[in-house]
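If you want the building blocks of each chain, they are given just below.
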Amino acid sequence: MMLLRELRLIPWILLCSISLHCCLARKIFAEGGSTRSPDKSQSTEEKEAWFETQVRPVLIAKCLKCHGPDKQSGSLRLDTREAILEGGDQGPAVIPDNSGESLLIRAIRRTDDSLKMPPDEPLTPEEIQGIERWVSEGTVWPAGPGGSHPLVAGKHWAFVPVE
């Protein structure tokens, strides 16, 4: 008799479990694949690590060809924090802590017909979310002597062959 009652509960338990998983999945996908929202209380070291692993490689691989030290399309350089904040012909590329108003974010989201970057191949959703998070968390860039460390494609650790 007790076993029969317990067996009747199985569909109810399964239904609750599935509902919980669906709610969690909806939350994860709504927040771009992460249950963590931008955290203003993160340490500078954590934000710098995010920049080094999620943002710097994308800027080097996808942006510096046209917005680096050798060429500046639209008078925009994306190889130092100072240059990004100064911006180009259309104004500052980013507004720290405000990804919604930042030109760089509009360009990489490709929502504005006149502003789609990179022009040849869009960034992946993960790359876009990484840059959005970086801007939302204050556009932290590791400091070097006299300002931020500039991006240099051949010298960054991510581009050095493993020996």
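Residues numbered from 1 in each chain as written. Predicted model: local features only at pLDDT ≥ 70, side-chain atom pairs only at ≥ 80, totals over all residues. Heavy atoms only, no water.

Trainee: Mind showing me how you'd approach the layout of surface pockets here?
Mentor: One way to see where empty space is left: roll a probe the size of a water molecule over the atoms. Considering only enclosed or pocket space, the largest pocket measures out at about 540 Å³ in volume. In terms of lining, the largest pocket is formed by 25 residues, of which the most central are Cys66, His67, Met117, Pro118 and Pro119. Contributing elements (two or more residues each) for the lining of the largest pocket: α2 (44-62), α3 (64-67) and α5 (103-109). The leading source of residues in the lining of the largest pocket is α5, at four residues. Of the residues contributing to the lining of the largest pocket, the split by class is 14 nonpolar, six polar and five charged. (1 Å grid on protein atoms, 1.4 Å probe; cavity = no way out; pocket = protein on both sides within 12 Å on 5 of 7 lines; lining within 4 Å. Points joined across faces, edges and corners; volume = space filled by probe spheres on them. Helix = DSSP H or I, 4+ residues; strand = E, 2+ residues; numbered from the N terminus. Nonpolar A, V, L, I, M, F, W, Y, C, P; charged D, E, K, R; others polar.)

Trainee: I keep staring at the environment of Glu82 and nothing clicks. Help me out?
Mentor: Mapping Glu82 onto the fold places it in helix α4 (residues 81-86). Given a relative accessible area of 41%, Glu82 falls into the partly exposed group. The sequence separation of Glu82 and Trp141 amounts to 59 residues, and the corresponding C-alpha distance is 9.6 Å. (Buried < 20%, exposed > 50% of the residue type's maximum accessible area, 1.4 Å probe, protein only.)

Trainee: Would you mind showing me how to read the packing of aromatic side chains here?
Mentor: All chains considered together, the criterion is met by three aromatic pairs. Ring geometry for Phe51 against Trp134: centres 5.4 Å apart, planes inclined by 35°, an arrangement best described as tilted. Within this pair, whereas Phe51 is found in helix α2, its partner Trp134 is found in helix α6 (residues 125-136), the two being separated by 83 residues in sequence. For the pair Phe51 and Trp134, one class covers both residues: buried. Seen in terms of ring centroids, Trp134 and Trp141 are 6.1 Å apart; in terms of plane orientation they differ by 55°. Their pairing is tilted. Each of the two residues, Trp134 as well as Trp141, counts as buried. Three or more aromatic residues joined by ring pairs form one cluster here, namely Phe51, Trp134 and Trp141. In this structure, Arg133 is placed above the aromatic ring of Trp50, and the distance from its NZ or CZ to the ring centre is 3.7 Å. (Phe/Tyr/Trp six-rings, centres within 6.5 Å; stacked < 30°, edge-to-face > 60°. Lys NZ or Arg CZ within 6 Å of the ring centre and 35° of its normal.)

Trainee: I'm lost on unusual backbone geometry in this one. Help?
Mentor: The phi angle of most residues is negative, glycine excepted, and most peptide bonds adopt the trans form. Omega for the bond connecting Met117 with Pro118 falls within 30 degrees of zero, at -15°, which places this linkage in the cis form. Following the sequence through the fold, Pro118 ends up in the loop between α5 and α6. Even without glycine at this site, Arg110 takes up a positive phi of about 65°. Within the secondary structure, Arg110 is located in the loop between α5 and α6.

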